[in-house]
Amino acid sequence: MAPVSTWIAIEIGLIGGALSSINIEANPIIVFFQSLPFRFYSIFAILLMFTLITQRRDFSKMLKAEIRSHETGKVYAEGSIPLFVEDQNLLPPDGLEASVWDAAIPILSFVIVATAGLWYNGYEPGMSIRDAFGNADASVALTWAAFLSSIVALSIGLAKKCFYLDEGVRDWIDGLRSMIIAVIILALAFALKSVISEMQLAEWLVAVIEGALSGAVLPTLTFVIALFIAFATGTSWGTNSIVMPIVIPIAASISGATDAVTPLMITTIGAVLTGAVLGDHCSPISDTTILSSMASGSDHIDHVSTQLPYVAVAGTLAVVFGFIPAGLGISPWISLFAGLVTITVLVRFAGKRIDDNGNIIS
């Protein structure tokens, strides 16, 4: 939903392309912002996280994991295999004086190089910055950024005499080695996505239910279809690219749109975009899920299983308080307020608070 990102570039492109296919002239950026209140799952997920944090409560499998960590000191479950294991050889020597800028400068270098790389890689004469970002190969730009920021980090260490060149290169290689499990899983996930894409599973699912859609149920069914496809394929961008060009003409036909975007079309656009995010959040083969497990040093399946209850709550509220009422013409702001109240009450009475010893206190 962020207005400055690579996401908005591809979303605007998909919206504009689908509208052009049915000869409706509309500013896709305006339609993007109009769809934001209908991103019910995304908004409810954010509200749920902030409510859990502010009330200092939790529930389901994450609560059990927190209790275990307090009682036993074990941050991993028995038999778990973290995607990232901290290598003691990579830790700095005792007594080494360092600054936060030693880490901040390489990270800032990564952001700057990645941003410039996206523009450079995707730019063609006459393109805007937004279009260039959407046209870029992100994997190429991120590779440039990772390599150059590594050089910056290595240079800082050498300048401050934290290590010699051979030690720095060896530690850099050891860091790569610690990520090998995540890289293998990611490669296998991409392979599975390619197989599913070749089978045209997503297209078949959409074609099967296309004739059963009506205005009242279209947003809800679109949301469910998008989340299922994203879960099965592990890609929200791929899901958006498949579903958006199909459901927008259907919504236009049902609502009788001829030369303007209708409320049903906007609701359906929101359903596609947020449903794809839901499916991507809980898919074990999603690249973002895998990278989240890697970045947090978690067992991958443990991460998926502890995330699922949050996804289930936000997704259920999105259907009950969001897309069902939206299909009946109820304002999304009423739905968002009802969802916020429900989340607050649910966390207060279903969530549990624990003390520093892992005992449930309320």
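Heads up: the structure comes first, above all this text.
No experiment lies behind these values; they were computed from the predicted model shown.

Chemist: Honestly, helix H4 (residues 60-72) in this entry has me stumped. Any pointers?
Modeler: Along an α-helix, residues three or four apart share an orientation, since each turn contains 3.6 residues. End to end, H4 covers 19 Å across 13 residues, agreeing with the expected 18 Å (1.5 Å per residue, within 8%). Here H4 has its buried residues at Leu-63, Ala-65 and Ile-67. Backbone geometry just after H4 places Gly-73 at a positive phi near 80°.

Chemist: Help me understand helix H16 (residues 332-350) in this model?
Modeler: An ideal rise of 1.5 Å per residue puts 27 Å on 19 residues; H16 measures up with 26 Å between its terminal C-alpha atoms. Those residues of H16 that fall on the buried side of the exposure criterion are Pro-332, Ser-335, Leu-336, Gly-339, Ile-343 and Val-347. Considered in projection along H16, the buried side chains sweep an arc of 95° and stay on one side of the axis. Of the exposed residues in H16, those oriented more than 90 degrees away from the buried face are Trp-333, Ile-334, Phe-337 and Phe-349. Packing partners of the buried residues in H16 comprise helix H3 (40-55) and helix H15 (300-327).

Chemist: Just to check I follow, could you spell out the packing of helix H11 (residues 218-233) against H15 for this structure?
Modeler: Any two packed helices are characterised by how steeply their axes cross, that is the angle between the axes, and by the distance between the axes. Where H11 meets H15, the axes come as close as 7 Å, and the angle between the chain directions of the two elements is 145°. Two secondary-structure elements touch here, H11 through Pro-219, Thr-220 and Phe-223 and H15 through Gly-315, Ala-318, Val-319, Phe-323, Ile-324 and Gly-327. Of the residues assigned to the contact of H11 with H15, the class counts are six nonpolar, three polar and no charged.

Chemist: I would appreciate a short explanation of the nonpolar core in the present structure.
Modeler: Across soluble globular proteins, you tend to see nonpolar side chains buried next to one another. Within the largest apolar cluster, 27 residues are counted, with the highest numbers of intra-cluster contacts made by Phe-40, Tyr-41, Phe-44, Leu-48, Phe-223 and Ala-318. Counting residues per element, the ones that place at least two in this core are H3, helix H13 (263-282), H15 and H16. Looking at this core element by element, the count peaks at nine residues for H15. Other than its neighbours up to four places away in sequence, Tyr-41 contacts Phe-223, Thr-274, Val-277, Leu-278, His-281, Val-311, Ala-314, Gly-315 and Ala-318. Val-243, Ile-250, Leu-264 and Leu-273 belong to the second-largest nonpolar core, a separate cluster that totals 26 residues.

Chemist: Looking at this structure, I do not really get the packing of aromatic side chains. What am I missing?
Modeler: The way to describe two aromatic rings as a pair is by their centre distance and the angle between their planes. Within the structure shown, the criterion is met by eight aromatic pairs. By way of ring pairs, the aromatic residues Phe-38, Phe-40, Phe-44, Phe-223 and Phe-323 are connected into one cluster. The ring of Phe-349 has Arg-348 lying over it, and the distance from NZ or CZ to the ring centre is 5.5 Å.

Chemist: Looking at this model, I keep getting lost on the pattern of salt bridges. Mind explaining?
Modeler: Pairing between side chains becomes possible if they bear opposite charge and their charged atoms approach one another. Enumeration according to the criterion identifies three salt bridges in this entry. Among the ionic pairs, Arg-39 bridges to Glu-11, the shortest N-O distance being 3.4 Å. Here the residue Arg-39 occupies a position in the loop between helix H2 (28-35) and H3, and Glu-11 occupies one in helix H1 (residues 6-21), the gap between them amounting to 28 residues. Across the pair Glu-78 and Lys-74 runs a salt bridge, and its minimum N-O distance is 2.5 Å.

Cut-offs used in this document
- Residues numbered from 1 in each chain as written.
- Predicted model: local features only at pLDDT ≥ 70, side-chain atom pairs only at ≥ 80, totals over all residues.
- Heavy atoms only, no water.
- Helix = DSSP H or I, 4+ residues; strand = E, 2+ residues; numbered from the N terminus.
- Expected span 1.5 Å × (residues − 1).
- Buried < 20%, exposed > 50% of the residue type's maximum accessible area, 1.4 Å probe, protein only.
- Arc of directions from axis to C-beta.
- Contact = heavy atoms within 4.5 Å.
- Axes fitted to C-alpha atoms, helices over the stretch in contact; angles between N-to-C directions.
- Nonpolar A, V, L, I, M, F, W, Y, C, P; charged D, E, K, R; others polar.
- Core = buried A, V, L, I, M, F, W, Y, C linked by side-chain atoms within 4.5 Å.
- Phe/Tyr/Trp six-rings, centres within 6.5 Å; stacked < 30°, edge-to-face > 60°.
- Lys NZ or Arg CZ within 6 Å of the ring centre and 35° of its normal.
- Salt bridge = Lys/Arg side-chain N within 4 Å of Asp/Glu carboxyl O.

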